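# Summary of structural features
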Amino acid sequence: MSSPEASPCTTCGACCAHFRVSFYWAEAEARGLPEDLTEAVTPWLSCMVGTNRARPRCVALQGRVGESVSCAVYDQRPDTCRSVEAGDAQCLKARAGYGLEPIKQE
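First things first, this report covers the structure right here in the doc. The structure displayed is predicted, hence computed values, not measured ones.

Calculation criteria
Residues numbered from 1 in each chain as written. Predicted model: local features only at pLDDT ≥ 70, side-chain atom pairs only at ≥ 80, totals over all residues. Heavy atoms only, no water. Helix = DSSP H or I, 4+ residues; strand = E, 2+ residues; numbered from the N terminus. Rg over C-alpha atoms; globule rule 2.2 N^0.38 Å. Buried < 20%, exposed > 50% of the residue type's maximum accessible area, 1.4 Å probe, protein only. Contact = heavy atoms within 4.5 Å. Areas by Shrake-Rupley, 256 points an atom, 1.4 Å probe, with all protein chains shown as cover. Core = buried A, V, L, I, M, F, W, Y, C linked by side-chain atoms within 4.5 Å. Pairing = 2+ DSSP bridges. Axes fitted to C-alpha atoms, helices over the stretch in contact; angles between N-to-C directions.

Helices and strands together make up the secondary structure of the protein, namely 3 helices and 5 strands. Helices and strands appear in the protein in the N-to-C order β-α-β-β-β-β-α-α. The C-alpha atoms of the protein give 13 Å as radius of gyration, which agrees with the globular expectation for 106 residues (13 Å, within 12%). A principal-axis box enclosing the C-alpha atoms of the protein has dimensions of 40 × 30 × 25 Å. In the protein, buried positions account for 34% of the 106 residues. Put simply, of all contacts in the protein between residues at least 6 apart along the chain, 54% involve residues at least 24 apart. A total accessible area of about 6,600 Å² is found for the protein, and carbon and sulfur atoms account for 50% of it.

This is the structure we're talking about:
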């Protein structure tokens, strides 16, 4: 997706509040993610703060899931976030977890 404004994700955010967002530890520094927004999972993996819980919610997620959301670090978000696309299997799983209708892929 080219920009957050053009995305159906701006009215969703379910994936940011449903999954652990983990990634290779060095990616955070390479992308310029602030240190206080990541935490260690293993010596090799980090995750976004708030996502390594039974009820995850990424610390960078702003707004209300299913209504209006944005990412405070959209340009620096890790590859894990970039890999989820509107209407893909991960998206549908997260939306279902919040009782939201599936997004139809075009």
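Residues Ala17, Val21, Phe23, Ala28, Leu33, Leu37, Met48, Cys58, Ala60, Leu61, Val69 and Val73 constitute the largest nonpolar core, which totals 12 residues. Look past the residues within four positions of alanine 28 in its chain and what remains in contact with it is Phe23, Leu33 and Thr38.

Strands sit in the order β1-β3-β2 across an open sheet of 3 strands; the sheet is antiparallel. At either margin of the open sheet sits one strand with a lone partner, and together these are β1 (22-24) and β2 (38-40). Across this sheet, the average inter-strand angle for adjacent strands is 40 degrees, counted without regard to direction. Where β1 meets strand β3 (residues 45-48), 3 bridges bridge the pair, whose relative direction is antiparallel. Residue pairing across strands places phenylalanine 23 opposite serine 46, the latter belonging to β3.

Next up on the list: the pairing of strand β4 (residues 61-64). Pairing between β4 and strand β5 (residues 68-71): 4 bridges, direction antiparallel. Among the inter-strand pairings, glycine 63 is bridged to a residue of β5, identified as valine 69. The turn joining β4 and β5, which pair antiparallel and follow one another in sequence, is formed by 3 residues; a positive phi near 85 degrees is taken by glycine 66.

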